[in-house]
Amino acid sequence: MNKENWTTVNTFFFLGFPGLGRLRFLLFIPILSAYTVTMFLDIMIIIFVSTRKSLQSPIYLFLTHFLFSEICLVTVIVPNMLHILWMDGANVSVTGCFTQSFFYMSSGTSECYLLTVMSYDRYLAICKPLHYNTIMDHNLQYFLVSICWMLGFLVTLITMIFLSLFKFCGRNVIDHYFCDLAPFLDIACSETSSLQIYIFVLSVPIIAAPFLLTFVSYVCISVVILRMPSIGSRKKAFSTCSTHLLVVGMFYGSALINYFTPIKGHPIAINKMISVTFTIITPLFNPIIYSLRNQDMHAVISRYLQWWK
């Protein structure tokens, strides 16, 4: 059938997780639970940081913005995903799909930049402790946060404008549960090679550059820690960045698996489960890690629990 005869698509039909039948309700419950726990923990940590003087350092300012971006990401994805799962497939308008993709990508991109800023903060705190307060003043803190959000939205806006130039016609069925870039490329009836090149080039400022800066920061941190004279000093220095390092590893690990693993040759179900790792599991574990492994946060939570008793 000639593409010229295809009709323009106004809605996409998302299959979600087809073939599960009534078993999909067993998947609905853990996803809803994970979303609820993620939202509760993220909001709880944000409230703690905002109200406790012991958590008024720059790293916790960056943390609140990171967790807020995660709230945006999971809220954009999970409720609609639960609707698709409950209905065993659902229609989403092209406009709604573009909106979801925009907020999903902008939140994820901002997260990437915020993790880099947090790595820089840890670098200053450990490698240049005498100059830390002078360098990381309030002006720099809010400048870095603003840049992270502005770059996240600007880069994504350019991508969405570029994507809006493509035509979607003919088939409108997408075997996925949210509006990621890959489904757009699969069903577009326009030539997508230019968009694929653009996405590859864009991965440098979004993924490669922040990852490289984060890696260099932790190499410098490791060198300084290894040069410390006592084991106690090394442990104390490492404990101040181990939590963030674990979150960085989970974020980039899941992102690389989700977006840089070749999808061809893999079952669609596996590709969707990889996406579940990035959009549900990783956001769930991040606040848990900060709650349990961070000593300052753990102390604040313990005080609140004792107060409630």
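To be clear, the structure that these remarks concern was listed above.
Rules used in this analysis
- Residues numbered from 1 in each chain as written.
- Predicted model: local features only at pLDDT ≥ 70, side-chain atom pairs only at ≥ 80, totals over all residues.
- Heavy atoms only, no water.
- Helix = DSSP H or I, 4+ residues; strand = E, 2+ residues; numbered from the N terminus.
- Buried < 20%, exposed > 50% of the residue type's maximum accessible area, 1.4 Å probe, protein only.
- Pairing = 2+ DSSP bridges.
- Core = buried A, V, L, I, M, F, W, Y, C linked by side-chain atoms within 4.5 Å.
- Contact = heavy atoms within 4.5 Å.
- Disulfide = S-S within 2.5 Å.
- Phe/Tyr/Trp six-rings, centres within 6.5 Å; stacked < 30°, edge-to-face > 60°.
- Axes fitted to C-alpha atoms, helices over the stretch in contact; angles between N-to-C directions.
- Parallel < 35°, antiparallel > 145°, perpendicular 65-115°, else oblique.
- Left-handed = near helix turned anticlockwise from the far one by under 90°.
- Nonpolar A, V, L, I, M, F, W, Y, C, P; charged D, E, K, R; others polar.

As for unusual backbone geometry
A negative phi angle is the norm for most residues apart from glycine, just as the trans form is the norm for most peptide bonds.
Here's step 1: In the Ramachandran plot, Asp-88 falls in the positive-phi region, its phi being about 60° despite a non-glycine side chain.
Here's step 2: Note that Asp-88 resides in the loop between α2 (58-87) and β2 (90-93).
Here's step 3: Given a relative accessible area of 36%, Asp-88 falls into the partly exposed group.

Things to note about the pairing of strand β1 (residues 11-14)
Here's step 1: Where burial is concerned, the two faces of β1 differ: the one with Phe-12 and Phe-14 is buried and the one with Thr-11 and Phe-13 is not.
Here's step 2: Alignment of β1 against β2, held across four bridges, turns out to be antiparallel. Looking at the pairing, Phe-14 lines up with Ala-90 of β2.
Here's step 3: Relative to strand β3 (residues 173-174), β1 runs parallel, the two being bridged by two bridges. Bridge assignment links Phe-13 to a residue of β3, and that residue is Val-173.

So, the nonpolar core
Here's step 1: Within the largest apolar cluster, 81 residues are counted, with the highest numbers of intra-cluster contacts made by Phe-12, Leu-63, Phe-168 and Phe-184.
Here's step 2: A per-element tally of this core places α2 first, with 16 residues.
Here's step 3: Beyond its immediate chain neighbours, meaning those up to four positions away, Phe-184 contacts Phe-12, Cys-97, Phe-98, Ser-101, Leu-163, Phe-168 and Cys-179.
Here's step 4: Of all hydrophobic cores here, the second largest spans seven residues; its members include Ile-221, Ile-225, Met-228 and Cys-241.

Considerations on the state of the cysteines
Here's step 1: On inspection of all chains with the given rule, the structure shows one disulfide.
Here's step 2: There is no disulfide at Cys-127, and the cysteine sulfur nearest it, in Cys-220, is 5.8 Å away.

Comments concerning the packing of aromatic side chains
Here's step 1: As enumerated under the stated definition, the model contains 14 aromatic pairs in all.
Here's step 2: Taking the centre distance of 6.0 Å and the plane angle of 65° together, the rings of Phe-68 and Trp-149 count as edge-to-face. Here Trp-149 lies in helix α5 (residues 138-164) and Phe-68 lies in helix α2, a separation of 81 residues in the sequence.
Here's step 3: Taking the relative accessible area as the measure of exposure, Phe-68 reaches 44% and is therefore partly exposed.
Here's step 4: Among the residues examined, Trp-149 registers a relative accessible area of 16% and is labelled buried.
Here's step 5: With centroids separated by 5.2 Å and ring planes inclined at 80°, the aromatic side chains of Phe-102 and Phe-103 adopt a geometry described as edge-to-face.
Here's step 6: Classification of Phe-102 by relative accessible area gives buried; the value is 15%.
Here's step 7: Taking the relative accessible area as the measure of exposure, Phe-103 reaches 36% and is therefore partly exposed.
Here's step 8: Three or more aromatic residues joined by ring pairs form one cluster here, namely Phe-68, Phe-102, Phe-103, Trp-149 and Phe-153.

Considerations on the packing of α2 against α5
Here's step 1: Taken N-terminus to C-terminus, the directions of α2 and α5 make an angle of 20°; their axes are 10 Å apart at the nearest point. On the basis of the axis angle, α2 is roughly parallel to α5. The hand of the α2/α5 crossing is right-handed. In this structure, α2 uses Pro-58, Leu-61, Phe-62, His-65, Phe-68 and Ser-69 to contact α5, whose residues at the interface are Gln-141, Tyr-142, Leu-144, Val-145 and Trp-149.
Here's step 2: In the contact of α2 with α5, the residues fall into eight nonpolar, three polar and no charged.

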